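Structure at a glance
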Amino acid sequence: MNSLRKIQLKRLLKVGNGVKINKKSYRALISLGKTGDPAAFDPLIAALKSNWTKYAITAAEALGELGDSRADPYLKNAVCSLKSNLRVEAASSLAKLGETDWQNHIQGNDNDFN
């Protein structure tokens, strides 16, 4: 990894791990996922566990982009969330990781639990 990319990744990790959640932190999560760098995994998992629904949804999307199969159990847990948008995004990310059945069953409505 070249030095410029390392600096950019460090900045993204800092923003993605920040206490303050704003537009910049959402963009950082998406960018972390697109890096494909394993160093992005832990901050994205931490964001997925956030009480801020939109932040968790963004993290689920980024985990799908990251393509790291270690995210499977965390995304499967998110599929069971009471938050319908998070369920749908987690299922979509699982599909990107090769587990397409989840996307067929999770529609973001009450039928998700039948």
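Up top you'll find the structure we're talking about.
The model shown is predicted, which means the values in this text are computed figures rather than measured ones.

Points about the overall build of the chain
- Each helix and strand in the chain was counted, giving seven helices and zero strands.
- The order of helices and strands in the chain, counted from the N terminus, is α-α-α-α-α-α-α.
- Counting all 114 residues of the chain, 42% fall into the buried class.
- Considering only intrachain contacts with a sequence separation of at least 6, the fraction spanning at least 24 residues in the chain is 53%.
- Here the chain has roughly 6900 Å² of accessible surface; of this, 50% comes from carbon and sulfur atoms.

Regarding helix H4 (residues 53-66)
- In this model H4 runs 20 Å from its N-terminal to its C-terminal C-alpha over 14 residues, within 8% of the 20 Å that 1.5 Å per residue would give.
- Of all 14 residues making up H4, 10 are buried, and the element is well covered by its neighbours.
- One or two positions beyond H4, positive phi appears at Gly-67, with a value near 75°.

Focus: a positive patch on the surface
- On the surface, Lys-23, Lys-24, Arg-27 and Lys-54 cluster together to form a positively charged patch.
- The element that contributes the greatest number of residues to the positive patch is helix H2 (residues 23-35), accounting for three residues.
- For Arg-27, the position within the fold is in helix H2.
- With a relative accessible area of 53%, Arg-27 lands in the exposed category.

Structural notes on the packing of aromatic side chains
- Applying the stated criterion to the full structure yields two aromatic pairs.
- Where Tyr-26 meets Tyr-55, the ring centres are 5.5 Å apart and the plane angle is 75°; that geometry is what we call edge-to-face. Of this pair, Tyr-26 sits in helix H2 while Tyr-55 sits in helix H4; the two residues are 29 residues apart in sequence, bridging distant segments of the chain.
- Arranged with centres 6.0 Å apart and planes meeting at 70°, the rings of Phe-41 and Tyr-74 form a pair that is edge-to-face. Residue Phe-41 is found in helix H3 (residues 41-48), and its partner Tyr-74 is found in helix H5 (residues 72-79); the two are separated by 33 residues along the sequence.
- Residue Phe-41 is classed as buried on the basis of its relative accessible area of 5%.
- The ring centre of Tyr-26 lies 5.2 Å from the NZ or CZ of Lys-54, which sits over that ring.
- Here the basic side chain of Arg-70 rests over the ring of Phe-41, its NZ or CZ set 4.0 Å away from the ring centre.

Quick notes on the rules
Residues numbered from 1 in each chain as written. Predicted model: local features only at pLDDT ≥ 70, side-chain atom pairs only at ≥ 80, totals over all residues. Heavy atoms only, no water. Helix = DSSP H or I, 4+ residues; strand = E, 2+ residues; numbered from the N terminus. Buried < 20%, exposed > 50% of the residue type's maximum accessible area, 1.4 Å probe, protein only. Contact = heavy atoms within 4.5 Å. Areas by Shrake-Rupley, 256 points an atom, 1.4 Å probe, with all protein chains shown as cover. Expected span 1.5 Å × (residues − 1). Patch = residues over 30% accessible without salt bridge, like charges linked within 9 Å, V, L, I, M, F, W, Y side chains within 5 Å. Salt bridge = Lys/Arg side-chain N within 4 Å of Asp/Glu carboxyl O. Lys, Arg positive; Asp, Glu negative; His and termini not counted. Charge placed at Lys NZ, Arg CZ, Asp CG, Glu CD. Phe/Tyr/Trp six-rings, centres within 6.5 Å; stacked < 30°, edge-to-face > 60°. Lys NZ or Arg CZ within 6 Å of the ring centre and 35° of its normal.

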